[in-house]
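# Secondary and tertiary structure notes
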Amino acid sequence: MNKKEVAHIRKQFKMDNDLLNIEDILNVYIMKETNEIYHWERLPFGLLDREKQELHMGNFKKLLTGELDHKLFELKFQEEAGEPTRVMLHQGLSTGDPEEWQDLMLMLVDKMMADTKYERDTVITFVRGQYYRPTKARNEEAEESEKDEVFGHPFILCSVNSTEKQRKTLLFDYVEKEFKYNVMVDPVIKLSSPEQGFFYPSVTDNYSDVNRILYCTGKSNFPDQDFIEQVLNAERSMTAMEERGIFEEIVKEVAGEQLDSATLAQVYEEINHVIESHQEEEEPPKLDYKDVERVLTVSGVENVTSEKVEQAFQTVVDDTNYELKASSVMPKFSSKSIKIDTKVATISISPQDLRYVKQVNYQGRRCILIEVDEDAVIEGFTLSTETLL
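Residues numbered from 1 in each chain as written. Predicted model: local features only at pLDDT ≥ 70, side-chain atom pairs only at ≥ 80, totals over all residues. Heavy atoms only, no water.

Naming follows an unreviewed UniProt entry, where the protein appears as DUF4317 domain-containing protein of Paenibacillus ihbetae.

This is the structure in structure tokens:
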């Protein structure tokens, strides 16, 4: 699954979209005190008030928002599992009976509650439906619309949302012309910030892939591994943060603990070039040990050999054939994604501007030197320029 396919699916979750048909919605309320189902309700989605539909649509779109390997993870199902979730989801996808789908989803809720103690009351929402994708590109000169020929993709989406108590408020009554103290006891379902969920099936080359599932987490780079393995029965996936850590350890094994800023900037520039040169391809580019050797050599790292890089892969990941996703091993290239933390200040800078930053020794003290093209202004005051000898 690539970012274009995720974006296409996310774009469908909007009101009055004739390329999306949500058939049923199932809401399950779990009490934190008992860790049991307090109430559940299944309805045809079309019977919900429009305001409720809009709230749910916003929740689903929010769930599917984020970068792959950061907040969204395409996962393979485990080959061997006692009661595989893949079977339940596939049955739920195939059945035309709303009650059978409901029962299958409630069984999945039981799996969610088996080894989890919820800290707050929680609402688990399931929807099933279809989204439609044109089978051919639009022809502007033709009379027929691109929607004349579409292919339906059945799906099941699940969103897990916590609740919170409303705050005590002071209201003004326009009719009685008085201030009133207001206490709402009903919990608020935090639809604007889903904690986790999934979209099934995943998509490969614009076709549904029932052997994979898209897992979504609300906290970037922190997927719930118990949920992935015990509930979804899926294989663990490496996060972008973990991949970056692996890359850093490999570089340290080859080049040592210290690199100057110009060399590090060149490393990032070379990797960014790899990413940009593969933008038109469906699969994101990956770096094996030969690619890493080339990047380090071109960047000016001394004494780089295939043997040293291959051994570094073996030491760090215990696999010389391991491939790193190029987009995961570096901060965002054009944004101020690098933080330089010091006791005095925190400096934010982009990888492409890292070459303008140096650590220097001035009068026996370590200093950060930043090359700038314009005067620095602090609180409206232009700093005077000092000449250092």
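Here we come to the overall build of the protein. Each helix and strand counted, the protein has nine helices and 20 strands in total. With the C-alpha coordinates of the protein rotated into their principal frame, the extents come out at 75 × 60 × 55 Å. Residues counted as buried form 38% of the 389 residues belonging to the protein. Put simply, 65% of the contacts in the protein that link residues at least 6 apart link residues at least 24 apart. Only carbon and sulfur atoms are counted for the fraction: they give 47% of the accessible area of the protein, which is about 23,700 Å². (Helix = DSSP H or I, 4+ residues; strand = E, 2+ residues; numbered from the N terminus. Buried < 20%, exposed > 50% of the residue type's maximum accessible area, 1.4 Å probe, protein only. Contact = heavy atoms within 4.5 Å. Areas by Shrake-Rupley, 256 points an atom, 1.4 Å probe, with all protein chains shown as cover.)

Our focus in this paragraph is helix α6 (residues 240-255). Taking 1.5 Å as the rise per residue, α6 with 16 residues should run 22 Å; its terminal C-alpha atoms sit 22 Å apart, in good agreement. Three or more residues of α6 are buried, namely A240, E243, I246, F247, I250, V251 and V254. Burial along α6 is one-sided: seen end-on, the buried residues are contained in an arc of 135°. Its buried side turned inward, α6 meets α7 (261-277), α8 (289-298), α9 (306-317) and β14 (324-325). Of the residues one or two after α6, G256 is the one with positive phi, at around 95°. (Expected span 1.5 Å × (residues − 1). Arc of directions from axis to C-beta.)

Let us now look at the pattern of salt bridges. The full count for this structure, using the stated rule, is 13 salt bridges. Across the pair D24 and R128 runs a salt bridge whose closest N-O atoms are separated by 3.0 Å. Of the two residues, D24 sits in strand β1 (residues 20-31) while R128 sits in strand β4 (residues 122-134), which places them 104 residues apart along the sequence. Judged by relative accessible area, D24 falls into the buried class, the value being 5%. (Salt bridge = Lys/Arg side-chain N within 4 Å of Asp/Glu carboxyl O.)

On to the packing of α7 against α8, then. Helix-helix packing is characterised by the crossing angle of the two axes and by the distance between the axes. The contact between α7 and α8 brings their axes to 8 Å, and the two run at 135°. The angle between α7 and α8 places the two elements in the oblique class. Taken as a pair, α7 and α8 cross one another with a handedness that is right-handed. Contact residues: α7 offers Q266, V267, E270, I271 and V274, while α8 offers R294, V295, L296 and V298. (Axes fitted to C-alpha atoms, helices over the stretch in contact; angles between N-to-C directions. Parallel < 35°, antiparallel > 145°, perpendicular 65-115°, else oblique. Left-handed = near helix turned anticlockwise from the far one by under 90°.)

The next point concerns helix α3 (residues 85-94). Listing the buried residues of α3 in full gives T85, M88, L89, G92 and L93. All buried residues of α3 lie within an arc of 135° about the axis, which places them on one face of the element.

By convention here, two paired aromatic rings are described through the distance between centres and the angle between planes. The full count for this structure, using the stated rule, is ten aromatic pairs. When the centroid spacing of 5.7 Å and the interplanar angle of 75° are considered together, the rings of F13 and F155 count as edge-to-face. Here F13, found in the loop between α1 (3-12) and β1, pairs with F155, found in strand β5 (residues 150-164); they are 142 residues apart in sequence, far enough to count as distant. Taking relative accessible area as the criterion, F155 reaches 1% and is therefore assigned buried. Ring geometry for Y131 versus F155: centroids 6.3 Å apart, planes at 45°, classification tilted. Linking Y131 in strand β4 with F155 in strand β5, this pair joins segments that are 24 residues apart in sequence. In this arrangement the basic side chain of K219 is found over the ring face of F222, its NZ or CZ atom lying 4.9 Å from the centre. (Phe/Tyr/Trp six-rings, centres within 6.5 Å; stacked < 30°, edge-to-face > 60°. Lys NZ or Arg CZ within 6 Å of the ring centre and 35° of its normal.)

With respect to the helices and strands, the residue L296 is situated in helix α8. For L296, a relative accessible area of 0% gives the class buried. If we skip the residues at most four places from it in the chain, L296 touches V251, V254, V267, V301 and V304.

A cluster of nonpolar side chains, namely L170, F172, Y174, V175, F179, Y181 and V183, defines an oily patch on the protein surface of about 910 Å² accessible area. Put simply, the parts of the chain that give the nonpolar patch at least two residues each are β6 (169-173) and β7 (178-182). Structurally, Y174 can be placed in the loop between β6 and β7. By relative accessible area, which is 72% here, Y174 ends up exposed. (Patch = residues over 30% accessible without salt bridge, like charges linked within 9 Å, V, L, I, M, F, W, Y side chains within 5 Å.)

Moving on to a positive patch on the surface. On the surface, K32, K117, R120 and K165 cluster together to form a positively charged patch. Mapped onto the elements of the fold, K165 is located in the loop between β5 and β6. (Lys, Arg positive; Asp, Glu negative; His and termini not counted. Charge placed at Lys NZ, Arg CZ, Asp CG, Glu CD.)

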